[in-house]
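# Close look at the chain arrangement
Chain by chain, the residues:
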Amino acid sequence: MSPGPARGRTTGAEAAGRRGPGARRWQLVRAGSDAVPASTRRFMRRARQRRMRAALPWAVAAGILALAGLVAWVVLGTGLFGVREVRVEGAELVTPVEVRDAAGVPDGIPLAKVDLADTARRIGRLAPVERATVTRDWPDALVVRVVERTPVAVVPRGEQFVVIDASGTVFRTLDQRPDDLPLVRVDRPGPDDPGTRAAVAVLDALTPELRSALLDVSVESLALVKLRLRGDRTVVWGDSSRGEDKARVATALLGERARTIDVSAPDVVTFR
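For the protein, the name recorded in an unreviewed UniProt entry is Cell division protein FtsQ, with Micromonospora globbae as its organism. Recorded in UniProt under Function (unreviewed entry), the annotation for the protein is "Essential cell division protein." Recorded in UniProt for the protein, the comment headed Sequence similarities (unreviewed entry) runs: "Belongs to the FtsQ/DivIB family. FtsQ subfamily."

The following block contains the structure:
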């Protein structure tokens, strides 16, 4: 006896018979690029290009922001560009050490974080400094340029002499009087003292002839300023007003044999 077909199995013929003669057979295949129409391919290519062009500015912006953040972190958040040096220029009456101490900039602080204006103000508090500017010199230095005060006179104070500038500011003390500075006698020298300001105004008005003969300026009151000249002569200046007129008249009378010249009212001059 020949064995029959195994139960549960369906032969190809039986399967074909069951599907029937009109049944369709489906099979998935991968279409080649040639199967897509050229117009469709062009449309898809243009669409990709448009998407890339639209995304490019955002990508560039993101890259720039990331780079800027990295640079800011390196410059502001690390010691890579920290202060390593403070260079001082123009200082003679103050030492570079005094300037650096007044600046108060810690070593290693990020150079970009230094407040230049505030640093300059701190240095400007040094008495001999009229003004200071502070700039950055990358990668690791501060440059301090100092303009010091110009002396115009000295004021005796005990056995010493204090030096004042054109504003009346006291910025230096000397043990001996310098030969090239006139002497001013006031009680309380300083920029807020009216007597000091009057003396400075008189000095500023003097002609070269008067200045060369001058021994000292004494401010007895705001209305009575006197000049003591060589040869035991005195010029009564009065107050500090009309300085140019008084200086011109006093200079013209220097050749007179007068021990006292009163130019307090320059339109009516008296001498004796």
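It is worth spelling out the layout of surface pockets at this point. Left-over empty space is what a probe sized like a water molecule reveals as it rolls over the atoms. Here the largest pocket is characterised by a volume of approximately 200 Å³. Lining the largest pocket, in full, are Arg-177, Pro-178, Asp-179, Asp-180, Leu-181, Pro-182, Arg-211, Ser-212, Leu-214, Leu-215 and Arg-230. Those elements that provide at least two residues to the lining of the largest pocket are helix H6 (208-213) and strand S8 (214-221). A per-class count over the lining of the largest pocket returns five nonpolar, one polar and five charged.

Turning our attention to a nonpolar patch on the surface. A surface patch of nonpolar side chains, amounting to about 290 Å² of accessible area, comprises Leu-56, Val-60 and Ile-64. Note on placement: Leu-56 falls in helix H2 (residues 38-77).

This part takes up the packing of helix H3 (residues 96-103) against helix H4 (residues 116-124). Direction vectors running N to C along H3 and H4 enclose 130°, while the axes themselves pass 8 Å from each other. Compared by their axis directions, H3 and H4 come out oblique. Relative to H4, H3 is oriented so that their crossing is right-handed. Mapping the contact onto sequence places Val-99, Ala-102 and Ala-103 in H3 and Thr-119, Arg-122 and Ile-123 in H4.

Here the focus is the side chain of Asp-262. One can find Asp-262 in strand S11 (residues 260-262). This buried residue, Asp-262, is left without a salt bridge; Arg-272 holds the nearest opposite charge, at 5.6 Å. A polar contact is formed between the side chain of Asp-262 and the side chain of Ser-264, at a distance of 2.6 Å. Contact partners of Asp-262, with chain neighbours within four places excluded, come to Val-236, Val-269 and Thr-270.

Take the nonpolar core next. Taken as a class, soluble globular proteins show a tendency for nonpolar side chains to be buried jointly. Among the nonpolar cores identified, the biggest contains 30 residues, and Leu-227 and Trp-237 are the most heavily contacted of them. It is helix H5 (residues 194-205) that provides the largest number of residues to this core, a total of five residues. Residues in contact with Trp-237, not counting those within four places in the same chain, are Val-202, Ala-205, Leu-206, Leu-210, Val-225, Lys-226, Leu-227, Gly-243, Lys-246, Ala-247, Val-263 and Ser-264. Counting 19 residues, the second-largest nonpolar core is a separate cluster that includes Val-86, Val-88, Ala-103 and Val-129.

As a further point, take the sheet that holds strand S2 (residues 129-137). Across the sheet, three strands lie side by side as S1-S3-S2; this open sheet has mixed pairing. Only two strands of the sheet have a single neighbouring strand rather than two, namely strand S1 (85-89) and S2. In this sheet, neighbouring strand axes are inclined to one another by 20° on average, regardless of whether the strands run parallel or antiparallel. Direction of pairing for S2 relative to strand S3 (residues 141-148): antiparallel, over a ladder of eight bridges. Across the sheet, the residue bridging to Thr-133 is Arg-145, located in S3. On top of the sheet, H3 reaches S1 and S3; it is set at about 125° to S1, its chief contact. With respect to the sheet, H4 is in contact with S2 and S3, its orientation differing from that of S2 by roughly 145°.

Calculation rules
- Residues numbered from 1 in each chain as written.
- Predicted model: local features only at pLDDT ≥ 70, side-chain atom pairs only at ≥ 80, totals over all residues.
- Heavy atoms only, no water.
- UniProt positions renumbered as here; feature names shortened; annotations may be inferred.
- 1 Å grid on protein atoms, 1.4 Å probe; cavity = no way out; pocket = protein on both sides within 12 Å on 5 of 7 lines; lining within 4 Å.
- Points joined across faces, edges and corners; volume = space filled by probe spheres on them.
- Helix = DSSP H or I, 4+ residues; strand = E, 2+ residues; numbered from the N terminus.
- Nonpolar A, V, L, I, M, F, W, Y, C, P; charged D, E, K, R; others polar.
- Patch = residues over 30% accessible without salt bridge, like charges linked within 9 Å, V, L, I, M, F, W, Y side chains within 5 Å.
- Areas by Shrake-Rupley, 256 points an atom, 1.4 Å probe, with all protein chains shown as cover.
- Salt bridge = Lys/Arg side-chain N within 4 Å of Asp/Glu carboxyl O.
- Axes fitted to C-alpha atoms, helices over the stretch in contact; angles between N-to-C directions.
- Parallel < 35°, antiparallel > 145°, perpendicular 65-115°, else oblique.
- Left-handed = near helix turned anticlockwise from the far one by under 90°.
- Contact = heavy atoms within 4.5 Å.
- Buried < 20%, exposed > 50% of the residue type's maximum accessible area, 1.4 Å probe, protein only.
- Lys, Arg positive; Asp, Glu negative; His and termini not counted.
- Polar contact = N/O pair within 3.5 Å; in protein donor to acceptor, adjacent residues only side chain to side chain.
- Core = buried A, V, L, I, M, F, W, Y, C linked by side-chain atoms within 4.5 Å.
- Pairing = 2+ DSSP bridges.

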